[in-house]
Amino acid sequence: MAQPNSVKVLEICQIGPPPKSVPTTSLPLTFFDIPWLLCRPMQRLLFYELPYPTDHFKQTILPILKHSLSLTFQHFFPLASNLICPPRPLKPHILYTDGDSALLTITECMGDFDHIIANYPRDARDLHPFVPQLNPARVLPDNTRVVPLMSLQLTVFPNSAICIGLTFCHVAADGRAFHHFMKSWASICRRIIIGELDCIDINSMLLPFHNREVIKDPNGLEPNFLGEWWNWASTWKEDTRLINDVLADKVRATFVLGQAQIKRLKRRITSQCMDKELEQLHISTFVVTCALIWVYLIKSQDSRVSKVSDIDNEKLYYFNFVADCRNRLEFPIPSTYFGNCLAICFVSLKRCELVGENGIFSAVKAIGNKVRELESGALEGAEKWLLDWKEISELGHLVTVAGSPRLGVYETDFGWGRPKKSEVVQIDVSGAISLAECSDEDGAIEVGLALSRENMDNFNAIFQHDLNLL
Ligand SMILES: CC(C)(COP(=O)(O)OP(=O)(O)OC[C@H]1O[C@@H](n2cnc3c(N)ncnc32)[C@H](O)[C@@H]1OP(=O)(O)O)[C@@H](O)C(=O)NCCC(=O)NCCSC(=O)CC(=O)O
């Protein structure tokens, strides 16, 4: 019997920039890009209400989505390109050649849209039918790997909705760059729908900036990171487990922290501070949300430990987030820079500090201090980014963050309104939490989690109980 969320493939095609519109272009990888070479692909879904039958979608909306995507690729060509990984010591790079394109699959789903986009815990496997697969990498006779960087899937829910799914390699674009692409595609599509495109010059839009020379590397991070990557790549084994096996016991849910709750949380934190401490504390929405979720996640794992004596209170727990460096470096980088420009930040605390009475306060101090340190040097300690990453992920006890409430994902309007829901699917395998602004409340935050059923129940109980006390 078909699963409720199985999809029927209607069409498979390739979409690239209009022919001859983009010259052959090779983009070197900067030290900001290299750490993301081994990151598993990003999987982003955007769900929209769009109450048309499948035939209407195919005949009127799909051609516009395809045409606008092609026009957008003319400027955001790296996403239609390939990552070229020649054998060591030749450097990996992104290459666009005329005719390169991204895989686009069109599918239809009869599943229950309201259930699919709900916030309550659902089987983590439910979203995977909407996630496109990347075309497999090719290996050339000289052992060069040619890796497609993005693929897309449009799923129509007849008479109710569509889902736009994207899988892309982080090495091509960070969150800011990727959402610039998404908003540009949406904007061109919207203009075509309202018949405005002819009188608007696409070149007048905020175009991506591709010149990698703006990224200066005075500390020689690039050769250091490349060396690390080559070492890793030589021993790296692809995860060949089936997604259904990996996710068998996982559920995913979205928790919303309302604006009022965030305000009260900030107030509670500041009331715990001495005046002098307060001056030093960085209490942003990002920081208090991350602190709260980090502490609740650790508390929600406790019931997995059968005996209290099994809990090692001295053990270090880690929190990892990335910071956009476009306005945080000594050299200027345009806000439209297309590529990666992220500092990788780690924070650690002992378990007893996190689950103690002032756990959230301790976590706010630790994460906030890290954000503050970025002001005096976002690249401080950067030479250890990859080593830290490898060591800490092997230790376990790590919570990482995907997405951000500053990416404006809910502003991505293709001409039929804001998304009803956005999901960062890869968190169900990567174990990260995802953050976004909220679909329907200004100043609120959506937190996406994928946990075992038992941990999710525990987390939910702690979240509901504690937030009621705020
Ligand atoms: C370092 C940070 C994570 C956290 O810094 P902070 O704690 O200072 O928080 P912040 O920068 O959000 O904002 C701090 C304060 O500045 C003001 N402020 C900043 N930006 C604002 C904006 N656009 N609108 C309104 N206010 C703003 C607010 O007063 C806010 O306080 P208040 O918040 O209290 O109102 C962030 O600055 C950052 O770099 N975010 C981007 C991370 C990113 O790009 N992630 C994507 C990874 S790639 C990825 O994951 C792939 C994918 O998504 O597909």
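Predicted model, so just to flag it, every value in this text is computed and none were measured.

A.B. asks: Any chance you could explain the site of the ligand here in plain terms?
C.D. replies: As a structural note, the neighbourhood of the ligand is formed by 23 residues, with Lys266, His282, Ser284, Asp324 and Gly403 the closest of them. In the model, an oxygen atom of the ligand is placed 2.8 Å from a nitrogen or oxygen of the aspartate 324 main chain. Between the ligand and the protein, one listed contact pairs an oxygen atom with a side-chain N or O atom of arginine 328 at 2.8 Å. For the ligand, the protein covers 69% of the area, taking 1100 Å² as the surface of the free molecule. Counting residues per element, the ones that place at least two in the shell around the ligand are α3 (175-193), α8 (285-301), β13 (316-324) and β15 (398-403). Of the residues in the shell around the ligand, the class split is 10 nonpolar, eight polar and five charged.

A.B. asks: Looking at this structure, how should I read the environment of isoleucine 106?
C.D. replies: Mapping isoleucine 106 onto the fold places it in strand β6 (residues 102-109). Accessibility expressed as a relative area gives 0% for isoleucine 106, which makes it buried. Linking isoleucine 106 and lysine 390, residues 284 residues apart in sequence, is a C-alpha distance of 38 Å.

A.B. asks: I'm lost on the environment of glutamate 228 in this one. Help?
C.D. replies: Tracing the backbone shows glutamate 228 in helix α4 (residues 221-235). Sequence separation of glutamate 228 and glycine 381 is 153 residues, and the distance between their C-alpha atoms is 16 Å. Not counting residues within four places of it along the chain, the set of residues in contact with glutamate 228 comprises Leu386 and Leu387.

A.B. asks: Help me understand helix α10 (residues 359-373) in this model?
C.D. replies: Taking 1.5 Å as the rise per residue, α10 with 15 residues should run 21 Å; its terminal C-alpha atoms sit 21 Å apart, in good agreement. For α10, the set of buried residues is Gly359, Ile360, Phe361, Ser362, Ala363, Val364, Ala366, Ile367, Gly368 and Val371. The inward-facing, buried residues of α10 contact α6 (259-271), α7 (275-280), α8, β13, β14 (342-350) and α9 (351-355).

A.B. asks: Whenever I open this one, the sheet that holds strand β5 (residues 93-96) confuses me. Can you help?
C.D. replies: Pairing between the strands of a sheet is mediated by backbone hydrogen bonds and can be parallel or antiparallel. Taken in spatial order, the five strands make up an open sheet running β2-β5-β4-β9-β8, and their pairing is antiparallel. Edge strands, defined here as strands with exactly one partner in the open sheet, are β2 (25-28) and β8 (138-139). Taken together, the four bridges between β2 and β5 define a ladder with antiparallel strand orientation. When the bridges of β5 are listed, leucine 27 appears paired with isoleucine 94.

A.B. asks: Please explain the packing of aromatic side chains as it appears in this structure.
C.D. replies: Two numbers describe a pair of aromatic rings. These are the distance of the centres and the angle of the planes. Across all of its chains, the model carries 27 aromatic pairs by this definition. Here the aromatic rings of phenylalanine 130 and phenylalanine 157 are separated by 5.6 Å at their centres, their planes lie at 45°, and the arrangement is tilted. Of this pair, phenylalanine 130 sits in the loop between β7 (122-123) and β8 while phenylalanine 157 is found in strand β10 (residues 150-157), placing the two residues 27 residues apart along the sequence. Taking relative accessible area as the criterion, phenylalanine 130 reaches 0% and is therefore assigned buried. Judged by relative accessible area, phenylalanine 157 falls into the buried class, the value being 1%. Following the ring pairs from residue to residue traces out a cluster consisting of Tyr48, Phe73, Phe76, Phe168, Phe178, Phe181, Trp185, Phe338, Phe414 and Trp416.

Rules behind the numbers
Residues numbered from 1 in each chain as written. Predicted model: local features only at pLDDT ≥ 70, side-chain atom pairs only at ≥ 80, totals over all residues. Heavy atoms only, no water. Near = heavy atom within 4 Å. Polar contact = N/O pair within 3.5 Å; in protein donor to acceptor, adjacent residues only side chain to side chain. Areas by Shrake-Rupley, 256 points an atom, 1.4 Å probe, with all protein chains shown as cover. Helix = DSSP H or I, 4+ residues; strand = E, 2+ residues; numbered from the N terminus. Nonpolar A, V, L, I, M, F, W, Y, C, P; charged D, E, K, R; others polar. Buried < 20%, exposed > 50% of the residue type's maximum accessible area, 1.4 Å probe, protein only. Contact = heavy atoms within 4.5 Å. Expected span 1.5 Å × (residues − 1). Pairing = 2+ DSSP bridges. Phe/Tyr/Trp six-rings, centres within 6.5 Å; stacked < 30°, edge-to-face > 60°.

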